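As a plain string of letters, each chain reads:
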Amino acid sequence: MRAAACAVAAGARSHTAIGHWLRRAPQDTLGRLGFPVRGVLGVRPAASMDTVRRVVERLHPDGLAVLLRPAGAERDRPVRLAADGKSARGSRTRTRTAAHLLAVIDQDDQVIAQLRVPDKSNEVPWLRELPGPLDIEGAWVSADALHTQRETARFLVQDKKAHYLLTVKLNQPTLYARCHHLPWEKADLSSRQANPQDIALALRGHWHIENKIHYVRDSLWDEDRSQIRTGHGPENMATLRNTALNRLRATEATNMTEAVRDLSYEPFTAPLDLLGIPRGPAQTSEKFDFARALGGRSGRRGGAGAERRRVLPSGVSGV
């Protein structure tokens, strides 16, 4: 799966493209990826496209998240979280609806959790499952109006010791009217902790999950037209794309199209360096320079990202 993650980071969109990347990979690359030597000639054969497909479809998303998480990475408590869902439209069949993926990003636009919503359910109860293992005490959690539910608010405040930022619309007229008469002076955050600037920042930041995750996955990897639909395929491919985005943003890249294009120019070395896959002794001096390649054109992160206390890991699925 690390090979698949490298191929996706270089622009691969399908099982076929990942298989072609592996078929063209040189022996040094296959050695870095852990493919064993076979036969008297000492050749490392690559996995076939069919093997890639079977693994992507069968591997549990939790296991993939653990496999792709950076070694030794520590997860610190986030400042802000935004949750939203996206349907992989191309995964729809005659008998099944499209796979619907619910994800959470932090204040630095890093996808830190993702799960697939069961076909006969909706996002609402699963938002309470998604951040379950995460330490989000004190964080602001935003979601769209679909999640403006009593149980969701109770879970975030009482169980997770977090704060919620939920939208109330006129389709909930009673709640909408009551919001005008709430005792705001008794809120759990003081005016200094929840000043208008912070609230506005959190509201604007919520839409980053649409603009910087969902839209980018669709525009770069054509996710909505992907025909991968069997087993865990849709969510695992989304996890591979999220991993590439997380690692690129950790290099302070902001233009993801240019960043992936840069990786594609050195497809058998740069993606492996991005994912932190170690080189052999003879290859160490050739490590891809992301600061040089991405810094000039892709820019540097600032603004909301400056609040990050430490780089969060790139675990991106059902953790």
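Since the model is a prediction, treat every value here as computed from it, not as a measurement. (Residues numbered from 1 in each chain as written. Predicted model: local features only at pLDDT ≥ 70, side-chain atom pairs only at ≥ 80, totals over all residues. Heavy atoms only, no water.)

What about the pattern of salt bridges?
Oppositely charged side chains are able to pair whenever their charged atoms sit close together.
Here's step 1: One pass over the structure, following the stated rule, counts 17 salt bridges.
Here's step 2: For lysine 86, the salt bridge goes to aspartate 224, with nearest N and O atoms at 2.8 Å. Residue lysine 86 is found in strand E1 (residues 80–88), and its partner aspartate 224 is found in the loop between helix H10 (208–221) and helix H11 (233–250); the two are separated by 138 residues along the sequence. Taken as a pair, lysine 86 and aspartate 224 share a single burial class, namely buried.
Here's step 3: One salt bridge in this structure joins arginine 154 and aspartate 159, with 3.2 Å as the shortest N-O distance.
Here's step 4: Each of Lys86, Arg89, Arg217, Glu223, Asp224 and Arg241 takes part in salt bridges that share partners, so that together they form one network. (Salt bridge = Lys/Arg side-chain N within 4 Å of Asp/Glu carboxyl O. Helix = DSSP H or I, 4+ residues; strand = E, 2+ residues; numbered from the N terminus. Buried < 20%, exposed > 50% of the residue type's maximum accessible area, 1.4 Å probe, protein only.)

A short note on helix H1 (residues 2–9)
Here's step 1: Counting buried positions over the eight residues of H1 gives seven, a clear majority of the element.
Here's step 2: Among the residues of H1, Ala3, Ala4, Ala5, Cys6, Ala7, Val8 and Ala9 are the ones counted as buried.
Here's step 3: For H1, the secondary structure elements touched by its buried residues are helix H2 (15–24), helix H5 (61–68), H10, H11, helix H12 (256–265) and helix H13 (270–274).
Here's step 4: Just downstream of H1, glycine 11 is the residue with a positive phi angle, here 115°. (Contact = heavy atoms within 4.5 Å.)

Let's talk about the environment of arginine 229
Here's step 1: Along the polypeptide, arginine 229 turns up in the loop between H10 and H11.
Here's step 2: Take arginine 229: its relative accessible area is 31%, and that puts it in the partly exposed class.
Here's step 3: Put simply, arginine 229 and alanine 98 are 131 residues apart on the chain and 8.2 Å apart in space, counted from C-alpha to C-alpha.
Here's step 4: Ignoring any residue separated from it by four or fewer positions in sequence, one finds arginine 229 in contact with Gly90, Ser91, Arg92, Thr93 and Pro234.
Here's step 5: Here the side chain of arginine 229 touches glycine 90 through a polar contact of 3.0 Å, landing on its backbone oxygen. (Polar contact = N/O pair within 3.5 Å; in protein donor to acceptor, adjacent residues only side chain to side chain.)

Description of the sheet that holds E1
Here's step 1: Ordered by their spatial adjacency, five strands build an open sheet running E3-E2-E1-E4-E5, and the pairing between neighbours is mixed. Two strands bound the open sheet, and with one partner strand each, they are strand E3 (111–117) and strand E5 (163–166). Strand after strand, the sheet turns through a mean of 25° between neighbouring axes, direction not considered.
Here's step 2: One ladder, built from eight bridges, connects E1 with strand E2 (residues 99–106); its direction is antiparallel. Bridge pairing links aspartate 84 to alanine 103 in E2.
Here's step 3: Taken strand by strand, H10 contacts E1, E2 and E3, and its axis lies near 35° from that of E1. (Pairing = 2+ DSSP bridges. Axes fitted to C-alpha atoms, helices over the stretch in contact; angles between N-to-C directions.)

Notes on the nonpolar core
Here's step 1: Core analysis: the largest hydrophobic core is formed by 41 residues, its most contacted members being Ile18, Trp21, Leu22, Leu33 and Leu240.
Here's step 2: Those elements that place two or more of their residues in this core are H1, H2, helix H4 (49–58), H5, H10, H11, H12 and H13.
Here's step 3: No other element matches H1, which puts seven residues into this core.
Here's step 4: Look past the residues within four positions of leucine 33 in its chain and what remains in contact with it is Arg2, Ala3, Cys6, Trp21, Leu272 and Ile277.
Here's step 5: With 19 residues, the next largest nonpolar core counts Val104, Leu130, Ile136 and Leu166 among its residues. (Core = buried A, V, L, I, M, F, W, Y, C linked by side-chain atoms within 4.5 Å.)

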